[in-house]
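Here are the chains, one letter per residue:
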Amino acid sequence: TDTDTADEAVRATCDDATTCKRFATSKGYWKDPYIQYFARSVGERKAPEINRGYYARVQGVNHLLDAFIKKAECDCQVINLGAGLDTTFWRLKDENLMPRKFFEVDFPTVVARKIHNIKTKPPLSKPIIETHSTDSLLLETLSECVCSDAHSLDSDRYCIIGADLRDVSNLDEKLKKFQLNPELPTLLLSECVLVYMTPSQSSNLVHWAAETFHTAMFINYEQVNMSDRFGQVMIENLQRRQCTLAGVEACQSLDSQKERFLKTGWENADALDMMTVYSMLPQDDVARIERLEFLDERELLQQLLQHYSICWASKDKHNLGLSQLAF
Ligand code: SAM
């Protein structure tokens, strides 16, 4: 059906993110020793502005994520919604910033692929086994953690679940089955995910999160300012690959990004376009990456980064100081 084709095109976007991240790390934009296990090869060259865009995305999201985990002193949960082949769990383990439990959710077929990679690549499976409290030897192959349908894996500190984010009650049920704790401070992350859902579907998801957790932060990275000419070209490029940005209406402006949260029970919301984020990242490191590749058209970089944003929202019953988290 048309829906299947559309969903398949959306699922394929996780490979784009992974190959772009792998390419940028191969050039030295940032370090990610785990991405190689999810993208078979470095792949074809990407333009310097694309690499800088991914640098801003990864550094920007990591900045807020790490700040949240430090505020909570790791006594928290992280839920990566539409995680694709993301490697954040492994980075947090290496940086001693592991939350009590790290959840990932994506479509069942994407999850099955990720579980296969984890099971067959020791550098990926080892940290999951090491952080599991019961006899590690028994877990050598992780088989005991993988559900019989291969669409989920659950260990003490890492859990990956196959589910459709548009079906919030099913999502809620599955997360609770895997010991999600609504009482713990919780960080929800969606990176280029909500834009593939209609505005009412993404609002439902964001509303569910606000209702479920009393102390939480939501970080959303995606397109913004999509009504101008440059935005139209971005939409057309995706449509050519059968990929519809069903949620583009919610991406009209930084205000519409914040509104989605403020209308659904979140106390605070902030949003910045990625050009602004780029200018607020540690400038010594920005200077370092700007020397990696020559960029002739700075204007193109600016235009591109002005069409992506980070929006973050919080509610803070436990007074962790979440509303202060910023760049
Ligand atoms: N967040 C990852 C990253 O930044 O590397 C992956 C981004 S990729 C562009 C979008 C991901 O969202 C895909 O893995 C896709 O399968 C997932 N996704 C989109 N809509 C979804 C839905 N309704 N239910 C579950 N996953 C979904």
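The structure under discussion appears in the preceding block.
Here the structure is a predicted model, which means the values were calculated and not measured.

Q: Teacher, can you tell me more about the overall build of the chain here?
A: Of regular secondary structure, the chain possesses 12 helices and 8 strands. Against the compact-globule benchmark of 20 Å for 327 residues, the chain has a radius of gyration of 19 Å, which places it among compact chains. Oriented by its inertia axes, the alpha-carbon framework of the chain measures out at about 55 × 50 × 45 Å. Out of the 327 residues belonging to the chain, those deemed buried represent 55%. When contacts within the chain are restricted to residue pairs at least 6 apart in sequence, long-range pairs at least 24 apart make up 76% of them. A total of about 14500 Å² of accessible surface is found on the chain, and carbon and sulfur atoms cover 48% of it.

Q: What should I look at first to understand the sheet that holds strand S7 (residues 268–273) in this one?
A: By definition, the strands of a sheet pair up through backbone hydrogen bonds, in either a parallel or an antiparallel sense. Ordered in space as S3-S4-S2-S1-S5-S6-S8-S7, the 8 strands form an open sheet in which the pairing is mixed. Two strands lie at the open edges of the sheet, namely strand S3 (152–154) and S7, each paired on one side alone. Ignoring which end each strand starts from, the neighbouring axes of this sheet average 15° apart.

Q: Mind showing me how you'd approach the packing of aromatic side chains here?
A: Considering all chains together, one arrives at 11 aromatic pairs under this definition. Through successive ring pairs, a cluster of aromatic residues spans Phe38, Phe89, Trp90, Phe102 and Tyr158. Between the NZ or CZ atom of Arg11 and the centre of the ring of Phe107, over which it lies, the distance is 5.0 Å. The side chain of Lys114 reaches across the aromatic face of Phe38, ending 5.5 Å from its centre.

Q: Would you take a moment to explain the site of the ligand for this structure?
A: If you check the shell around the ligand, you find 20 residues, and the closest are Arg57, Gly82, Asp106, Asp164 and Leu165. Arg57 is positioned with one of its side-chain polar atoms (N or O) 2.8 Å from an oxygen atom of the ligand. Here Glu191 contributes a side-chain N or O atom positioned 3.1 Å from an oxygen atom of the ligand. When the free accessible area of the ligand is taken as 590 Å², the share hidden by the protein chains comes to 98%.

Q: When you look at unusual backbone geometry in this model, what are you seeing that I'm missing?
A: Leave glycine aside and you will find that most residues have negative phi; peptide bonds, for their part, are mostly trans. Backbone geometry places Gln179, a non-glycine residue, at a positive phi of 65°. Relative to the assigned elements, Gln179 resides in the loop between helix H6 (168–177) and strand S5 (186–191). For Gln179, a relative accessible area of 54% corresponds to the exposed category. Non-glycine residue Asn225 carries a positive phi angle of around 55°. On the basis of relative accessible area, Asn225 is assigned to the partly exposed category, the value being 27%.

Q: Help me understand the pattern of salt bridges, please; the structure alone is not making it clear to me.
A: Side chains that carry opposite charge are capable of pairing whenever their charged atoms lie near each other. For the coordinates displayed, the defined rule picks out 21 salt bridges. Two residues, Glu8 and Arg11, come together in a salt bridge whose shortest N-O distance is 3.0 Å. You can see Glu8 and its partner Arg11 sitting in helix H1 (residues 2–26), 3 residues apart, about one turn around the helix. With relative accessibility at 45%, the residue Glu8 sits in the partly exposed group. Judged by its relative accessible area of 18%, Arg11 is buried. Put simply, Lys258 and Asp255 hold a salt bridge, and the shortest N to O gap is 3.9 Å. Of the two residues, Lys258 and Asp255 are both situated in helix H9 (residues 254–262); the distance of 3 residues between them amounts to about one turn of the helix. Three or more residues are tied together by salt bridges with common partners; here these are Lys21, Arg57, Asp86 and Glu191.

Q: Would you mind going over the side chain of Asn220 with me for this structure?
A: When you line up the elements, Asn220 lands in strand S6 (residues 215–223). Judged by relative accessible area, which is 0%, Asn220 ranks as buried. A polar atom in the side chain of Asn220 sits 3.3 Å from the side chain of Gln257. Setting aside residues up to four positions removed in sequence, Asn220 forms contacts with Ser190, Leu194, Gln257, Arg260, Phe261, Ser309, Ile310 and Cys311.

Q: Please explain the environment of Thr186 as it appears in this structure.
A: Along the chain, the position of Thr186 falls in strand S5. Take Thr186: its relative accessible area is 0%, and that puts it in the buried class. Separated by 105 residues in the primary sequence, Thr186 and Arg291 place their C-alpha atoms 37 Å from one another. Residues in contact with Thr186, not counting those within four places in the same chain, are Phe68, Gln77, Ile79, Asn181, Phe213, Thr215, Ala216 and Met217.

Q: Explanation requested: the nonpolar core in the structure shown.
A: Soluble globular proteins: nonpolar side chains tend toward being buried together. Residues Trp90, Tyr158, Ile219 and Tyr278 are the most contacted members of the largest nonpolar core, which totals 76 residues. The biggest single contributor to this core is helix H2 (residues 48–71), with 9 residues. Every residue in contact with Trp90, bar those within four places of it in the chain, is listed here: Tyr34, Phe38, Lys114, Ile118, Pro123, Leu124, Pro127, Ile128 and Tyr158. Core analysis: the second largest hydrophobic core is formed by 31 residues, Ile79, Cys159, Ala163 and Phe261 among them.

Q: For this particular structure, what's the right way to read the packing of H2 against helix H12 (residues 298–305)?
A: The description of two helices packed together rests on the angle between their axes and the distance between the axes. Close contact between H2 and H12 brings their axes to 10 Å; oriented N to C, the two are set at 40°. As summarised for this structure, H2 and H12 are arranged oblique, according to the angle between their axes. Between H2 and H12 lies a crossing of right-handed hand. In this structure, H2 contributes Glu49, Ile50, Arg52 and Gly53 to the contact, and H12 contributes Arg298, Leu300, Leu301, Leu304 and Leu305.

Q: Help me understand the side chain of Glu191 in this model?
A: Note on placement: Glu191 falls in strand S5. In this structure, Glu191 is in contact with Lys21, Arg57, Val61, Leu81, Asp86 and Tyr221, ignoring residues within four places of it in sequence.

Quick notes on the rules
- Residues numbered from 1 in each chain as written.
- Predicted model: local features only at pLDDT ≥ 70, side-chain atom pairs only at ≥ 80, totals over all residues.
- Heavy atoms only, no water.
- Helix = DSSP H or I, 4+ residues; strand = E, 2+ residues; numbered from the N terminus.
- Rg over C-alpha atoms; globule rule 2.2 N^0.38 Å.
- Buried < 20%, exposed > 50% of the residue type's maximum accessible area, 1.4 Å probe, protein only.
- Contact = heavy atoms within 4.5 Å.
- Areas by Shrake-Rupley, 256 points an atom, 1.4 Å probe, with all protein chains shown as cover.
- Pairing = 2+ DSSP bridges.
- Axes fitted to C-alpha atoms, helices over the stretch in contact; angles between N-to-C directions.
- Phe/Tyr/Trp six-rings, centres within 6.5 Å; stacked < 30°, edge-to-face > 60°.
- Lys NZ or Arg CZ within 6 Å of the ring centre and 35° of its normal.
- Near = heavy atom within 4 Å.
- Polar contact = N/O pair within 3.5 Å; in protein donor to acceptor, adjacent residues only side chain to side chain.
- Salt bridge = Lys/Arg side-chain N within 4 Å of Asp/Glu carboxyl O.
- Core = buried A, V, L, I, M, F, W, Y, C linked by side-chain atoms within 4.5 Å.
- Parallel < 35°, antiparallel > 145°, perpendicular 65-115°, else oblique.
- Left-handed = near helix turned anticlockwise from the far one by under 90°.

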